[in-house]
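Structure assessment
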Amino acid sequence: MHDNETIIKRILQLKKERNAVILSHNYQRGEIQDIADFIGDSLELSRTAAKTDYDVIIFCGVHFMAESAAILSPDKTVILPEINAGCPMADMVTVTGSRRIVNILPVTLERVFYEFPEDFTLIDMKRMYPGIPVVAYVNTTATVKAESDICCTSGNVAKVIDSLDMDTVICIPDRNLSAWAARNTKKNVITWDGFCHVHHRIRPDDVRKAKSLHPDAPFIAHPECRPEVIDLADHVSSTSGMLRFAKENEAKEFIIGTERGLIHRLKKENPRKQFYPLREDMVCPNMKKTHIESVLKALETMQTVIKVLEDVRVKAKMALDRMLEI
């Protein structure tokens, strides 16, 4: 028996003994997706796990995702196999930490930049714009969610903004997602100057090159891409939306403008279609830190457990619940 087969057999045995469920984000390695019980977006996975009767959640993703699972499943043990798997974008907005630049992004998409000290925080932002509701992308820490009014996903950000009574909102932390939202709402968006390094690195020339190589392939872009890249997209959606589009569209090949891990699932679900990464280096190092050995170790040692302080958890859950209500 090959080593991987031995590891997987042991994982399945321990999973049964621990009454555990394995969750894999769409960007995880293929070997992780193949052993997972559920694959999907971060919030989708957390909501799914909360509805199950498993005692243990092995969340193969990054830190804020495991926090979301802990927020929605306080009675379960949530384990992140690789504790150093973080999200640089989530770390770009903090309650007590530091950040460099914030900008206002009106519906016209013109930007006015404001320089702030390095210790400028979300609390400072709220004081600067008192009474303006904060819309927090789910790709944020639990403490940031707890200081926000409502959460959003990349698929529903405009709908969430439109649900609020105010004509102006603060949207954190991704400036590109905020730009996408501003295109799809009549409200003014005050946005934090954060970004996803995987999506933000894409340039229009990358799209034009990919389209020249695959002229019949629609280009699907994630809303975390730059506005000038979005302009060249045939379809814009979250990873879940990309999966639906690829399945329902009659095209036989697609250019995928998101982290390469999604292509593993796209190929499995659409074996007769071809999928090309927009760039070969569209890889999130943090998402790739988890191996099947990581999952085995997590089940053997029951480490590392992710917990959220109860007062933070309650406030963060309120922001998530407000989103789910609409």
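Above this text you will find the structure in question.
Reading guide: rules and limits
Residues numbered from 1 in each chain as written. Predicted model: local features only at pLDDT ≥ 70, side-chain atom pairs only at ≥ 80, totals over all residues. Heavy atoms only, no water. Helix = DSSP H or I, 4+ residues; strand = E, 2+ residues; numbered from the N terminus. Buried < 20%, exposed > 50% of the residue type's maximum accessible area, 1.4 Å probe, protein only. Contact = heavy atoms within 4.5 Å. Pairing = 2+ DSSP bridges. Axes fitted to C-alpha atoms, helices over the stretch in contact; angles between N-to-C directions.

Now for the side chain of Ser238. Among the structural elements, Ser238 can be located in the loop between strand 12 (235-236) and helix 12 (239-248). Take Ser238: its relative accessible area is 11%, and that puts it in the buried class. Ignoring any residue separated from it by four or fewer positions in sequence, one finds Ser238 in contact with Asp41, Ser154, Gly155, His222 and Pro223.

With that out of the way, let us pick up the sheet that holds strand 4 (residues 77-79). Taking strand neighbours across the sheet as the criterion, the four strands line up as 2-1-3-4 in an open arrangement whose pairing is parallel. Edge positions in the sheet fall to strand 2 (38-40) and strand 4, since each has one partner strand and no second. Sheet twist, expressed as the mean angle between neighbouring strand axes with direction ignored, is 20°. One ladder, built from five bridges, connects strand 1 (residues 20-25) with strand 3 (residues 56-60); its direction is parallel. Counted as the bridge partner of Ala20 is Val56 from strand 3. Along the sheet, helix 14 (residues 292-301) makes contact with strand 1, strand 3 and strand 4, crossing strand 3 at roughly 155°.

The residue Val56 is located in strand 3 in this model. You can call Val56 buried: its relative accessible area is 4%.

Turning next to the sheet that holds strand 14 (residues 274-277). Spatially, four strands are ordered 12-11-13-14 in an open sheet, and the strand pairing comes out parallel. The outermost strands of the open sheet, each flanked by one partner alone, are strand 12 and strand 14. Pairing geometry for strand 13 (residues 253-257) and strand 14, over four bridges, is parallel. Its bridge partner lying in strand 14, Phe254 is registered against Phe275. Of the strands in this sheet, strand 11 (219-221), strand 12, strand 13 and strand 14 touch helix 12, which is tilted by about 170° from strand 13.

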